[in-house]
Amino acid sequence: MFENLILYAVVALLGRAFRGDLQISGTAAMLAAIAQILASGQPAYVAVSPSFLVMSLLILRAKRGNKGYWLSVVHHVAVNSISVAGLLLRVHPL
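Residues numbered from 1 in each chain as written. Predicted model: local features only at pLDDT ≥ 70, side-chain atom pairs only at ≥ 80, totals over all residues. Heavy atoms only, no water.

*Asks:* What exactly am I supposed to notice about the overall build of the protein here?
*Replies:* Counting secondary structure elements, the protein contains four helices and zero strands. Starting at the N terminus and ending at the C terminus, the protein contains elements arranged as α-α-α-α. Taken along its principal axes, the extent of the C-alpha atoms in the protein is 45 × 25 × 20 Å. Across the 94 residues in the protein, those meeting the buried criterion constitute 29%. Taking the intrachain contacts of the protein between residues at least 6 apart in sequence as the baseline, contacts between residues at least 24 apart amount to 51%. A total accessible area of about 6,400 Å² is found for the protein, and carbon and sulfur atoms account for 70% of it. (Helix = DSSP H or I, 4+ residues; strand = E, 2+ residues; numbered from the N terminus. Buried < 20%, exposed > 50% of the residue type's maximum accessible area, 1.4 Å probe, protein only. Contact = heavy atoms within 4.5 Å. Areas by Shrake-Rupley, 256 points an atom, 1.4 Å probe, with all protein chains shown as cover.)

Below you can see the structure in the form of structure tokens.
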């Protein structure tokens, strides 16, 4: 949830600089992917950009009074769960 709160703040700040939802979400996704790459040292984290794009679009819905923030949290949990399942299947194949 902490990452989603940070993303919410980034989307809010970018909303002051850009007008279009795709501009805001695309820039937020790119910044989030760069932050993931810098934090982990793994360039493969560029693959999370589409996930952060969806989360950013959901957060924009939240800013308009819908339940997008919690949907973005559920989306984030689902993406992380799929990633962990993939790692576990590599380590312990069925």
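Still more ground to cover, so stick around.
*Asks:* Explain the nonpolar core to me, please; I cannot follow it from the model alone.
*Replies:* The tendency in soluble globular proteins is for nonpolar side chains to be buried as a group. Of all hydrophobic cores here, the largest spans 13 residues; its most connected members are Leu7, Val11, Ile24, Ala28 and Phe52. For this core, the secondary structure elements donating two or more residues are helix H1 (2-17), helix H2 (21-40) and helix H3 (49-63). By residue number, the principal contributor to this core is H2, which donates five residues. Setting aside its immediate chain neighbours within four residues, leucine 7 contacts Ala28, Ala32, Phe52, Met55, Ser56 and Ile59. (Core = buried A, V, L, I, M, F, W, Y, C linked by side-chain atoms within 4.5 Å.)

*Asks:* Looking at this structure, how should I read the environment of valine 48?
*Replies:* By the secondary structure assignment, valine 48 is in the loop between H2 and H3. Through-space distance from the C-alpha of valine 48 to that of asparagine 80 is 10 Å; in sequence the pair is 32 residues apart. Those residues within four positions of valine 48 in sequence are excluded, and the remaining contacts are Ala33 and Gln36.

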